[in-house]
Amino acid sequence: MAAAFGHGGGLAFPAAPAVAGATSPTGPRERRRGRGRKSRAVTVAGVRPSSPHGRFGAVSVGGAGVMAVETLSPDWEFDRVDDGSQKIHAEVQLKNYGKFLEEYTSQLRRIEDALDDSIGDVWDFNLDPIALKLLPYEQSSLLELIKTENKVLNKVITVYAALCCEIKKLKYEAETKFYNGLLFYGEGATNASMVEGDCQIQMGRFISFLQELSCFVTRCYEVVMNVVHQLAALYISNKIAPKIIETTGVHFQTMYEHLGELLTVLLTLDEIIDNHITLKDHWTMYKRLLKSVHHNPSKFGIQEEKLKPFEKFLLKLEGQLLDGMIFQACIEQQFDSLNGGVSVSKNSTFAEEFAHSIRSIFANVEAKLGEPSEIDQRDKYVGICGLFVLHFQIFRTIDKKFYKSLLDICKKVPAITLTANIIWFPDSFLIQKIPAAAKLLDRKSLQAIKIHRDTFLQQKAQSLTKDVQSYYVFVSSWMMKMESILSKEQRMDKFAEDLTNRCNVFIQGFLYAYSISTIIKTTMNLYMSMQKPMTKTSVKALCRLVELLKAIEHMFYRRSMVVADSVSHITQHLQHQALHSISVAKKRVISDKKYSEQRLDVLSALVLAENTLNGPSTKQRRLIVSLALSVGTQMKTFKDEELFPLQVVMKKLDLISELRERVQTQCDCCFLYWHRAVFPIYLDDVYENAVDAARLHHLLDKLCKEIEKDLRLSVHTHLKLDDRNPFKVGMKDLALFFSLNPIRFFNRFIDIRAYVTHYLDKTFYNLTTVALHDWATYSEMRNLATQRYGLVMTEAHLPSQTLEQGLDVLEIMRNIHIFVSRYLYNLNNQIFIERTSNNKHLNTINIRHIANSIRTHGTGIMNTTVNFTYQFLKKKFYIFSQFMYDEHIKSRLIKDIRFFREIKDQNDHKYPFDRAEKFNRGIRKLGITPEGQSYLDQFRQLISQIGNAMGYVRMIRSGGLHCSSNAIRFVPDLEDIVNFEELVKEEGLAEETLKAARHLDSVLSDHTRNSAEGTEYFKMLVDVFAPEFRRPKNIHLRNFYIIVPPLTLNFVEHSISCKEKLNKKNKIGAAFTDDGFAMGVAYILKLLDQYREFDSLHWFQSVREKYLKEIRAVAKQQNVQSASQDEKLLQTMNLTQKRLDVYLQEFELLYFSLSSARIFFRADKTAAEENQEKKEKEEETKTSNGDLSDSAVSADPVVK
């Protein structure tokens, strides 16, 4: 085995095809035989210097991947003996690589399958952005397709095929453009919304459309004329004149069917315009407007010479289109050529052929009409009626028997829907267009048709419910068949049988769709046309049929991938069957040696049909085959038992090739636009039967309100509103609506779950903002919506100015005198509670509210608030000073101080409780307010208000810290914050950026400072008032410490009475906290520097001893009295003991509050000690600064 290792040589292995200019002994044929084929030669890549791949050899592994092996350096050479081992090694590596790729591919496929959310190749009708078009397509023209040796036949088939294609195009244009253009004229604008003159403007804009329609109608007339001429030219009655082809036994039935389709288009246009009252009214108004313009053209800015041609043009449009003569004008054309060309009306052969073709088509239609296997026979029947009238118009002969047969069809089919809501009555048409024939029939039979129409509608209304049930079963079983047959893997041994089954299932689905669609359209349009009321049951039944229709469409769509795959195979299978039939007939023709022109025509036609079938099943090819077989089936080419199966195969081929388009047409429910009134009834029905929620595809507002109502009633069950027992009043499970997928509605999606959730969120949010006290109720309703309906509700994070705010800092600051009197302070929880309220609830203010206010208004508000507090305290201290200066108070206090100094040694340095009690009672003699308050009560309230103000200052500081810490939490390291201004300067950025950086630095430093320590507001407020309080001129204030014992006694009595009111029905004056008093006492004692003096009274010890002594005495008495068992006395003693316990507890709570409050004002140090400490700190600072300066001078330079 040869191998090459040379300068710039590559390395290649067997199984590698030649790459990039490499030479290989295998040659091109060998290379074509597949990648995996083993070659005996070792290919060398890169031999030629011109190789684009340089010094790389290519290795291929069964098409799985390509690997490049770098070449060896020129000075490295192997002994040739090693060649074999090298090759084996490489092959092993390649096998491993191939194995790895296979495993990796299967692994990727498994991952893909696991992640895919759909089962198999199922498409979602609402989500797929890509559509799959199954219509076969090719670019070959008719001339390229129609090629045989028989030139004359080629021409005939080409002409007829071209005419048929033209008719199809005209029909498509009418259906997509002109029908809708006419039908929807004037829609969307209600009479109420239209202003005078709008009608004329609308019609003015519509004129161009009518002009296009006029051109279209003219074109249709020309095509009809041409078709008649072309057919008449082929069937000549003149025996002398030469025949184009032998037409005996040749029936171009397809041509007549197409001509019938074109006549149906003209007839439909007539019917649309005839039924369009708005269009006619607007046209009349427009003509009147033109008359006005005609009298005064200059006023409207129009030249008079242009007006007359326009009026003529309008008259032409009116005559051609709006007088209902479109179809009539077509059949009344002069079909005989005046210049001695084609003779039509006197051509008896053509007349016979025409009549024969109509009868043939009718025979096929009549057999299938109204049967379950009906496909498009109704449409063809309209065409037959048109052709019959055309035949009468040209030849002026009537086949009475056939005319009667046509009318008899009305018993089977009383009316036919042409398009949308346009319904056509064949009997009216035939009687109107051929009155001569109608006269021959008796009136009773004509009357019977109309009576039958009424009875048909009544019977249909009665049988609708049964029809729905039977179709429901049919469609469900068909869907099951469809699923099972498409899910089964195709077995190669039963491939043909499987394709036949699939074909039959697809066609069955289409037939169901056609039948259901026909029932819905005919029934609805008949009711509308005859102006009869529809029962609610009928509406529901028809809407259920619409659902079934959509279910069929969705079924085809869901399995699009498998259907697409099957359709191409089925088409090929049917083409194969048709080709087989044709080839048998062709052999029969060839085997007969008696050649004649007619036989050659037949043979050419069969060859043409064969050639055309060998290709994609396009409309053009199927049309050519149909025309070719019209010629090819004469002279008994096919036996009767062969011809019928061939016709069935060709019909199936037509259906399967256009399956998607036909299914879409039948399942299109656009006609429901004209029956909009049924929707509310249908939706109500769906809503009432919530079990069938999956049927629903539009219903929202009612559902939203019902769910809101359900949540409200559930939350307010304690109010006992109405009986909600599901066993009595029934229960509707609305949760089923939320399991539906989002619904596509034109270009947007409607998600019921999201819609209802948004509605509830919006409602709850808005109502909470209106009545903040109901927030808990709406919160509960939110939770209930999640539990009961699985809705993911949004929490109502109301902006900080509403629910989370409470009273705003600005409001409190401006009205601080009102605030401190109306709110009570709680020291431990740092919370203010409203004293009394007219509402059901009391407002509270806590740190979070204050923090939110500060966040709203900025940190600058804190200092302003403290300034306002200072102003307020100044006023209050003025009243405080006046009270202390009062002669009655001052003299009593001095007396008490003197008394305490005298007895303190005997009384263990404790202020006597009796003395305080005596003061408390004695002060009442000085006078009482109308509310029953003594001067001491008022003084206690004053101190409480001062304390509340201090509590508010404390809360402001805490709120500031809270706000700052929240703001600063996004800064990674508070110890090491970069200076943005310096960084911007280094980068040399713009001046605006520098300003922004400077601003950011200042904000960060503010926040850092605020969050680190905050401002010592208490110290400031002590420092500002203390010097004034301690001045010799205010010596009367020095007596304050001695009034504290009676004050505390007064406070305790007040506090107990407030707490007792909590349990009473009338809660006016009830309270459970008032720590403002303790704060006020602590603050004033600090200002007067009297902590030592107050502590020297040992007041709280004295109180404790007094109450404990009394409690022990009562307990002792209880023990004595328990022996005598005087119950009334025992009850009295129990009450006494309870009262003493309550008083003792209340005094202890006050003691704890006062001790806590004193900590804020550094109660452990006197004013003298604080001054001393301050001086020491200042001296230390000076010394340290001096040391630093000395060291800076004497320090040696540092050497790096």
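Residues numbered from 1 in each chain as written. Predicted model: local features only at pLDDT ≥ 70, side-chain atom pairs only at ≥ 80, totals over all residues. Heavy atoms only, no water.

- As annotated in an unreviewed UniProt entry, the protein is WASH complex subunit 4 from Papio anubis.

### Some points on the overall build of the protein
Logical step 1: A tally of helices and strands in the protein yields 44 helices and 9 strands.
Logical step 2: Counting all 1200 residues of the protein, 44% fall into the buried class.
Logical step 3: For the protein, the share of sequence-separated contacts (at least 6 apart) that also reach a separation of at least 24 residues comes to 77%.
Logical step 4: Per element, the accessible surface of the protein, about 67,000 Å² overall, is 54% carbon and sulfur. (Helix = DSSP H or I, 4+ residues; strand = E, 2+ residues; numbered from the N terminus. Buried < 20%, exposed > 50% of the residue type's maximum accessible area, 1.4 Å probe, protein only. Contact = heavy atoms within 4.5 Å. Areas by Shrake-Rupley, 256 points an atom, 1.4 Å probe, with all protein chains shown as cover.)

### Let's talk about the pairing of strand β3 (residues 416-419)
Logical step 1: Pairing of β3 with strand β4 (residues 422-424), which is carried by 3 bridges, proceeds in the antiparallel orientation. When the bridges of β4 are listed, T419 appears paired with I422.
Logical step 2: Hairpin connection of β3 to β4: 2 residues between the antiparallel strands, including A420 at a positive phi of 50°. (Pairing = 2+ DSSP bridges.)

### Brief notes about helix α14 (residues 426-433)
Logical step 1: If you check which residues of α14 are buried, you get P426, D427, F429, L430 and K433. Looking down the long axis of α14, one finds its buried residues gathered within 165° of arc, a one-sided arrangement. (Arc of directions from axis to C-beta.)

### Regarding the packing of aromatic side chains
Logical step 1: Under the definition given, this model contains 55 aromatic pairs.
Logical step 2: The interplanar angle of 40° and the centroid separation of 4.5 Å between the aromatic rings of Y185 and F206 together place this pair among those described as tilted. On the criterion of sequence distance, the pair formed by Y185 in the loop between α4 (151-183) and α5 (198-234) and F206 in helix α5 is long-range, its members being 21 residues apart. One exposure class covers both Y185 and F206, and it is buried. (Phe/Tyr/Trp six-rings, centres within 6.5 Å; stacked < 30°, edge-to-face > 60°.)

### Digging into the environment of I861
Logical step 1: For I861, the position within the fold is in helix α32 (residues 860-885).
Logical step 2: With relative accessibility at 8%, the residue I861 sits in the buried group.
Logical step 3: Along the sequence, I861 and I956 sit 95 residues apart, while their C-alpha atoms lie 9.5 Å from each other.
Logical step 4: Beyond its immediate sequence surroundings of up to four residues, I861 is in contact with V809, L810 and I854.

### Quick look at the packing of helix α6 (residues 253-275) against helix α21 (residues 619-632)
Logical step 1: Between α6 and α21, whose axes approach to 8 Å, the crossing angle comes to 130°. When the interaxial angle is binned, α6 and α21 end up oblique. Contact residues: α6 offers Q253, T254, M255 and H258, while α21 offers L623, S626, L627 and S630.
Logical step 2: Classifying every residue of the contact of α6 with α21 by side-chain character gives 3 nonpolar, 5 polar and no charged. (Axes fitted to C-alpha atoms, helices over the stretch in contact; angles between N-to-C directions. Parallel < 35°, antiparallel > 145°, perpendicular 65-115°, else oblique. Nonpolar A, V, L, I, M, F, W, Y, C, P; charged D, E, K, R; others polar.)

### Focus: the side chain of D601
Logical step 1: As for its placement among the helices and strands, D601 is situated in helix α20 (residues 597-613).
Logical step 2: Nearest to the buried, unbridged D601 among oppositely charged side chains is K243, at 11 Å.
Logical step 3: With residues near it in sequence (within four places) discarded, D601 still touches N150, L153, I245, E246 and V631. (Lys, Arg positive; Asp, Glu negative; His and termini not counted. Salt bridge = Lys/Arg side-chain N within 4 Å of Asp/Glu carboxyl O.)

### Overview of the sheet that holds strand β8 (residues 831-834)
Logical step 1: Pairing is antiparallel in the open sheet, where 3 strands are placed in the order β7-β8-β9. Each of the sheet's edge strands pairs with one partner strand only, and the pair in question is β7 (823-826) and β9 (844-845).
Logical step 2: Pairing between β8 and β9: 2 bridges, direction antiparallel. If you follow F832 over to β9, its bridge partner there is I845.
Logical step 3: Packing against the sheet, helix α35 (residues 935-968) makes contact with β7, β8 and β9, and its axis sits at approximately 130° to β8.

### Considerations on the state of the cysteines
Logical step 1: According to the stated counting rule, one finds 0 disulfides in the structure shown.
Logical step 2: Not engaged in a disulfide, the cysteine C330 finds its nearest cysteine sulfur in C220; these two sulfurs lie 7.8 Å apart.
Logical step 3: Classification of C330 as buried rests on a relative accessible area of 0%. (Disulfide = S-S within 2.5 Å.)

### Some words on a positive patch on the surface
Logical step 1: A cluster of basic side chains, namely R892, K895, R898, R901, K918 and K925, defines a positive patch on the protein surface.
Logical step 2: Per element, the largest residue contribution to the positive patch is 4 residues, and it comes from helix α33 (residues 887-903).
Logical step 3: Secondary-structure assignment places K895 in helix α33. (Patch = residues over 30% accessible without salt bridge, like charges linked within 9 Å, V, L, I, M, F, W, Y side chains within 5 Å. Charge placed at Lys NZ, Arg CZ, Asp CG, Glu CD.)

### Some remarks on the packing of helix α12 (residues 377-395) against helix α13 (residues 400-412)
Logical step 1: Where α12 meets α13, the axes come as close as 12 Å, and the angle between the chain directions of the two elements is 150°. With respect to each other, α12 and α13 are oriented roughly antiparallel. Once α12 is placed against α13, the crossing between them reads as left-handed. Where α12 approaches α13, its residues Y381, I384, C385 and F388 are matched on the opposing element by F402, Y403, L406, I409 and C410. (Left-handed = near helix turned anticlockwise from the far one by under 90°.)

### Section: the pattern of salt bridges
Logical step 1: Inspection of the entire model under this criterion finds 43 salt bridges.
Logical step 2: For the salt bridge of K985 with E981, the shortest nitrogen-to-oxygen distance reads 3.8 Å. Taken together, the residues K985 and E981, both in helix α36 (residues 980-987) and 4 residues apart, mark about one turn of the helix.
Logical step 3: The buried category is assigned to E981, whose relative accessible area is 18%.
Logical step 4: Put simply, R622, D654, E658 and R662 are held in one network by salt bridges that share partners.

### Some details on the environment of T865
Logical step 1: Within the element layout of this structure, T865 appears in helix α32.
Logical step 2: The spatial distance from the C-alpha of T865 to the C-alpha of I816 is 9.3 Å, given a sequence separation of 49 residues.
Logical step 3: Setting aside anything within four residues of it in sequence, one finds T865 in contact with V809, M813, Y952 and I956.

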